[in-house]
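# Inside the fold
Now for the letters of each chain:
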Amino acid sequence: MTSMRLVSLNLPVKLIAAIGRAAHAAGVTPHDLVRSTLHHVFAGDAAGPPKPPQRDAQAEDEQGSVPPFAVQLAFTEALGWLDLQSRLRAAGFVLRLGEDGVLALHTWPADHRLIDSAALGQPLADLTLRFRAAFPGQVLSEGALPGARAERRLPTPPCRKGRAA
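Before going into details, it helps to say that this report is about the structure given with it.

Parameters at a glance
Residues numbered from 1 in each chain as written. Predicted model: local features only at pLDDT ≥ 70, side-chain atom pairs only at ≥ 80, totals over all residues. Heavy atoms only, no water. Buried < 20%, exposed > 50% of the residue type's maximum accessible area, 1.4 Å probe, protein only. Helix = DSSP H or I, 4+ residues; strand = E, 2+ residues; numbered from the N terminus. Pairing = 2+ DSSP bridges. Phe/Tyr/Trp six-rings, centres within 6.5 Å; stacked < 30°, edge-to-face > 60°. Lys NZ or Arg CZ within 6 Å of the ring centre and 35° of its normal. Salt bridge = Lys/Arg side-chain N within 4 Å of Asp/Glu carboxyl O.

## Some words on the pairing of strand E2 (residues 103–107)
Summarising burial for E2: five of the five residues are buried, a large majority. The alternating pattern of E2 places Leu103, Leu105 and Thr107 and Ala104 and His106 on opposite faces, both of which are buried. Across five bridges, strand E1 (residues 93–97) lies against E2 in antiparallel orientation. Bridging from a neighbouring strand, Leu95 pairs with Leu105 of E2. Joining the antiparallel neighbours E1 and E2 is a turn of five residues, in which Gly101 adopts a positive phi near 80°. Bridging between E2 and strand E3 (residues 113–116) involves three bridges; their strand directions are antiparallel. Bridging from a neighbouring strand, Leu105 pairs with Ile115 of E3.

Structure, rendered in structure tokens:
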């Protein structure tokens, strides 16, 4: 097992943008692209940086649109809801829970609904079991009254007439 250590780098904004574009084109997250590139340069890895996956035109026609490799990778490697959202945002996507209780993939930052997570093979129930937690915000929204975002109020104590001691 390889030990890892967190390293921070000060990089020019233009270089960070270029890394982001290259990662998006390769269908991976920027940190995965940088890690594999550094490994290739300094450790002599013959595989090199990740290449974009080849898409099957027939499969794309049958499913409507095939989710990018980065989305599939994010769902596969995520360890929790926060990790999943971070990976998806790095790829230009985000998960949102709709008013109808359906978890869907949206574009980021434009926030346009693309496809239900169940259609990607990642239903909300399966993800909830896998991450051992409800989708963030799901519990609070389910506790509210239907059709309105009701505040949680404490019941008022009964009013008693009499003398106070």
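## Some remarks on the packing of aromatic side chains
The final tally for this structure, using the stated rule, is two aromatic pairs. Between the aromatic rings of Trp81 and Phe131, the centroid separation amounts to 5.0 Å while the plane-to-plane angle is 70°, which identifies the pairing as edge-to-face. Remark: Phe131 occurs in helix H6 (residues 124–131) and Trp81 occurs in helix H5 (residues 81–90); sequence separation between them is 50 residues. The burial state of Trp81 is the same as that of Phe131; both residues are buried. Residues Trp81 and Phe135 carry aromatic rings whose centres are separated by 5.0 Å and whose planes lie at 90° to one another, so their mutual orientation is edge-to-face. One end of the pair, Trp81, is in helix H5; the other, Phe135, is in the loop between H6 and helix H7 (138–143), and 54 residues separate them in sequence. Looking at Trp81, the relative accessible area reads 6%, which means it is buried. The class of Phe135 is buried, set by a relative accessible area of 7%. Members of the aromatic cluster, joined through ring pairs, are Trp81, Phe131 and Phe135. The aromatic ring of Trp108 is capped on one face by Arg89, whose charged end is 4.0 Å from the ring centroid.

## Here's the deal with the pattern of salt bridges
This model, assessed by the stated rule, comprises four salt bridges. The closest approach of N and O atoms between Glu77 and Arg87, which form a salt bridge, is 3.1 Å. With Glu77 in helix H4 (residues 69–77) and Arg87 in helix H5, this pair connects stretches of sequence that are 10 residues apart. Taking the relative accessible area as the measure of exposure, Arg87 reaches 15% and is therefore buried. The shortest N-O distance in the salt bridge between Arg113 and Asp116 comes to 2.5 Å. Arg113 sits in the partly exposed class, given a relative accessible area of 43%. Classification of Asp116 by relative accessible area gives partly exposed; the value is 29%.

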